[in-house]
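As a plain string of letters, each chain reads:
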Amino acid sequence: MIGNYPLHLMILVLLWGYIYTSWSLMGRLGLVSFGHGAFMGIGAYTVVMLWNHFGWSPWAGALAALAFAAAVAILIGYPCFRFRIVGHYFALVTLALSEVARLVIVALRDQTGGSLGATPNSALHGGATAAPGALQFSDKQVWFWIVLAFWLAGLWVWRAVDRSMARLALQAISEEEEAAASIGIHVARAKLRITLISALMTCAGGVLYAQYQLYVNPDTVSGIGISLQMVFGAIAGGMFVMLGPTVGAAFTLLLAEGLRLAFGNRYPALDSTLYGAMLVLFIIYMPKGILGAALEALRARTARPIAPRKSSGMPSA
Amino acid sequence: MQMLSLTKVCAGYSGFQALFEVSVEVEAGEAVAVIGPNGAGKTTLLRVISKLIGATSGEIRMEGASLARVPAHEVVSRGIAHVPENRRLFPRLTVEENLRMGAFPRAARKRYGERLEFVYGLFPRLEERRGQPAGTLSGGEQQMCAIGRALMSGPKLLLLDEPSAGLAPVVVQAIFDLVRRICAQGYTVLIVEQNIRQVLKVVGRAYLLEAGRIRLAGNSREFLDSQEIRKTYLGL
Amino acid sequence: MEVFDIFLLEAILNGLLLGGLLALLSLGLNLIFGVIDVVWICYAELIMCGMYAVYYLHVQYHWPLLAAMAAAVVIVAVLGVILHQFVIRPVLGAEPINQLLVTGGVLFFLQAAATLAFGIEFRNLGVTLPSIRLGEMSFSAARLVAFCVALAGMLGMYLFLSRSYLGTAIRAISQDRAIMPLMGVSPARIFVLASALGGALAGLGACLLVLQYDVHPAIGLSFGPITFLICVMGGLGSMAGGFIAAFVFAQFISVGGFLFHLEWGYVLAFAFFIAMMFWRPQGILGRR
Ligand SMILES: Nc1ncnc2c1ncn2[C@@H]1O[C@H](COP(=O)(O)OP(=O)(O)O)[C@@H](O)[C@H]1O
Ligand SMILES: [Mg+2]
């Protein structure tokens, strides 16, 4: 039995690790989305709004949220891939999407509470610690298992995508769009499928986040701020390896908590400042992220005694 | 007097050597051609002279001074103007703006007006189209504009990379006439060409470059008489 | 005229004033993109730095407002050069998406560093310009000033780009970077120059914004996205396209905001942007 605080940290690492993993499913294939805040926001706000205003159980609410997120993903993804909006342009179109989500939430302030955020009505009456129908649990252990399950499921999806033909095809796409198209792969459809998976997973992450924190705010679940957080978390850890995004989540959280423990609340933004500086350095000098670079170094080291010539002749970067 | 000299120059692209100990000399006032098949390294040779790529070894001298420590953007101030392969005009700048770019070096700016007049005198067509985006010119006009742009810097040595490539036969003729006129104006010219028969009528001397090595050097008469050239390049 | 029409007209005119400002903001970003081929995602954060510079020099150090503003323009220009030399230059050969992301890292950094240095308080210059009445309509003088200065700034930039050797080189380099040395132009120097100019334009934007809005560390997020989207909709790198798109966007925001609510104006503008991308992915005047 571990204390509540470490448990809280572990839940956050797994939850964000799961969300970053979802983002990286697209990111590692060159589909850099700045719009995943929209999917997270859809997940978080749909369940909370349906619960607060219509009394829908978050289970039903989650289904509605997933359907909504799927519709948005297709609405944005299909034309993007159809018209070959890639690279910068894809990033900036999706950036617009995440801002639309945030602004709609703020604009519907009569329902959503605007930028003050909203709290789901409590279902934990009379000392109850669990209300499964309302997806509310005051016991962090329950959350730990739920989040762990989602995180594992996320890794499983990663593996499944890896294994399926789709991945080979998509790698070909990200490397050589024309060539892949000419060997008959339906580029747009393959990209769309990955986008859909990634968006739905992120949306589910938003649901979990809302139900765990029991508080939603447009700035913490939608908008560019959160979209960039996902992008950079995944990059810091390494978006090309399975556990990279999780390492990124752990890294950012431990950095923030460590600095908070060291300096108290005297320097509220010290962690983000350091983190920002590190991100810049990572992207310049270590674009494969912490885990990516570590694995590469490890591979280089283990390869050396066996085949010294080859490994010394290989470029290290 | 010697204008340009390359001594045992080697150069290439990351991991690929394109020139092997190439030595070329150009006297002041002379017109010299470099001929050779596709991929022989002719363009690379001109690029290494204007320092768009660095030489891995060997020496390049312009009027006796080594270019080793001269950065690429100062080569033009040493009197070398390079008309690159495929003309490479700035398509969305007007003709006159392209010419203005040619006069970018500080010393050239002072004489912009007078040189513009000179170039327009040489190519009246360009003056007619001065306000038109260069991308909308015909192939021949584009080549004139590219040469005009190079002349705007007031060079002593003009490097021409396949000025006749991709042009209709009549226009090719016009371009070679032009090159002849430019030589007659006293410019020193180093010209790369595939159109061997024509270029040998314009220049006094030539080099044959094959697979990055100089295979043959001599005056154009010798080239036209050479069995090898006649068989391989002139199809006689 | 009915009251509704008068207010609608007021909204349209206010949109016009806003358009001028947005056009100025997008100009700097477009200039950078056109020349260096990178998007400074942190552009609005540079503007934030400029706003803080004006605020501190004027309010804390009691410099005259215009001197503080001039200094802010210089400071942000220098920041632009620093950004280029230390962040952009190392990734010039890297994948385009890394170039986009690295400036996103700078965005994070500047925002956090501003929070660390200045706190999260909203800071106000304390200068209030009067509002101008025109019949039954009223306009803020700050907006009018911003509009005029933005137009003057753009005109100056236009003249520089079209008349001077350096300006022509800036336009040329976006069309063929590789042969610039043959013209006697050092691309590295043009990059630095463009970064300084882009920074100076951000600084000018900062001076105009700080007259109208409070400065706080997250202010970049409130007009950064709109600035990118204007550039993309106009066609990245196309300054004329950005100019048109700025006025279109501003009308959406202003009139949409008048008819519904401010956020809905933005939502409409963004939705319109997304629709435009599908209709003309390369932007209004863009080439791809
Ligand atoms: N940018 C480049 N990168 C790598 N190799 C190149 C490049 N440009 C040319 N080459 C190679 O260098 C050799 C010489 O090319 P080039 O000088 O263009 O020949 P030429 O102008 O005689 O046709 C060719 O084998 C060509 O493939
Ligand atoms: Mg060639």
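Details of the structure are given in the entry above.
Residues numbered from 1 in each chain as written. Chains lettered and ligands numbered in written order. Predicted model: local features only at pLDDT ≥ 70, side-chain atom pairs only at ≥ 80, totals over all residues. Heavy atoms only, no water.

## Quick notes on the nonpolar core
Grouped together as the largest cluster of nonpolar side chains are 256 residues, with contacts concentrated most on Phe34(A), Met101(B) and Phe273(C). Per-element tally for this core: the top contributor is helix 1 (residues 3-36) of chain C, with 15 residues. If near-sequence neighbours (up to four positions away) are discounted, Phe273(C) is found in contact with Leu92(A), Val93(A), Ala96(A), Leu229(C), Val232(C), Met233(C) and Phe249(C). Grouped together as the second largest cluster of nonpolar side chains are 29 residues, Val9(B), Ala11(B), Val34(B) and Ile80(B) included. (Core = buried A, V, L, I, M, F, W, Y, C linked by side-chain atoms within 4.5 Å. Buried < 20%, exposed > 50% of the residue type's maximum accessible area, 1.4 Å probe, protein only. Helix = DSSP H or I, 4+ residues; strand = E, 2+ residues; numbered from the N terminus. Contact = heavy atoms within 4.5 Å.)

## Let's talk about the interface of chain C and chain B
Taken together, the contact between chain C and chain B spans 23 residues of the former and 22 residues of the latter. Taken over both partners, the interface formed by chain C and chain B buries close to 2200 Å², and the fraction arising from carbon and sulfur atoms is 64%. Looking only at chain C, the three residues that lose the most surface to chain B are Tyr165(C), Leu182(C) and Met183(C), adding up to 36% of its buried area. Counting every contact that joins chain C to chain B gives two salt bridges. Residues Arg171(C) and Glu97(B) are paired through a salt bridge, measuring 2.7 Å at the closest nitrogen-oxygen approach. Looking at the side of chain C that touches chain B, the elements that each hand over two or more residues are helix 5 (141-163) and helix 6 (165-173) of chain C. No other element matches the six residues that helix 6 of chain C contributes to the side of chain C that touches chain B. Across the side of chain C that touches chain B, the residue classes break down as eleven nonpolar, seven polar and five charged. (Buried area = accessible area lost by both parts, 1.4 Å probe. Salt bridge = Lys/Arg side-chain N within 4 Å of Asp/Glu carboxyl O. Nonpolar A, V, L, I, M, F, W, Y, C, P; charged D, E, K, R; others polar.)

## Some points on the interface of chain A and chain C
Taken together, the contact pairs 46 residues of chain A with 42 residues of chain C. Looking at the side of chain A facing chain C, the largest losses of area belong to His88(A), Tyr89(A) and Leu92(A), adding up to 19% of the total buried there. In this structure, the connection of chain A to chain C is made through zero salt bridges. Applying the counting rule to chain A against chain C returns one residue pair in polar contact (both at pLDDT 80 or more). Per element, the largest residue contribution to the side of chain A that touches chain C is 15 residues, and it comes from helix 4 (residues 87-107) of chain A. (Polar contact = N/O pair within 3.5 Å; in protein donor to acceptor, adjacent residues only side chain to side chain.)

## A word on the site of ligand 1
Residues and elements named next belong to chain B. Every residue near ligand 1 is listed here: Tyr 13, Phe 16, Ala 18, Pro 37, Asn 38, Gly 39, Ala 40, Gly 41, Lys 42, Thr 43, Thr 44 and Arg 47. A distance of 2.4 Å separates an oxygen atom of ligand 1 from a polar side-chain atom of Thr 44. Protein coverage of the free-state accessible area of ligand 1, which is 560 Å², stands at 63%. Sorting the residues of the shell around ligand 1 by element identifies strand 2 (16-27) and helix 1 (42-49) as the ones contributing at least two each. The biggest single contributor to the shell around ligand 1 is helix 1, with four residues. Split by residue class, the shell around ligand 1 holds five nonpolar, five polar and two charged. (Near = heavy atom within 4 Å. Areas by Shrake-Rupley, 256 points an atom, 1.4 Å probe, with all protein chains shown as cover.)

## A closer look at the sheet that holds strand 5 (residues 65-66) of chain B
Residues and elements named next belong to chain B. Here we have four strands laid out as an open sheet, ordered 2-1-4-5, and antiparallel in their pairing. Among the strands making up the open sheet, the edge pair consists of strand 2 and strand 5. Contacting strand 1 (2-13), strand 2 and strand 4 (55-62), helix 1 runs over the sheet at an angle of about 115 degrees to strand 1. (Pairing = 2+ DSSP bridges. Axes fitted to C-alpha atoms, helices over the stretch in contact; angles between N-to-C directions.)

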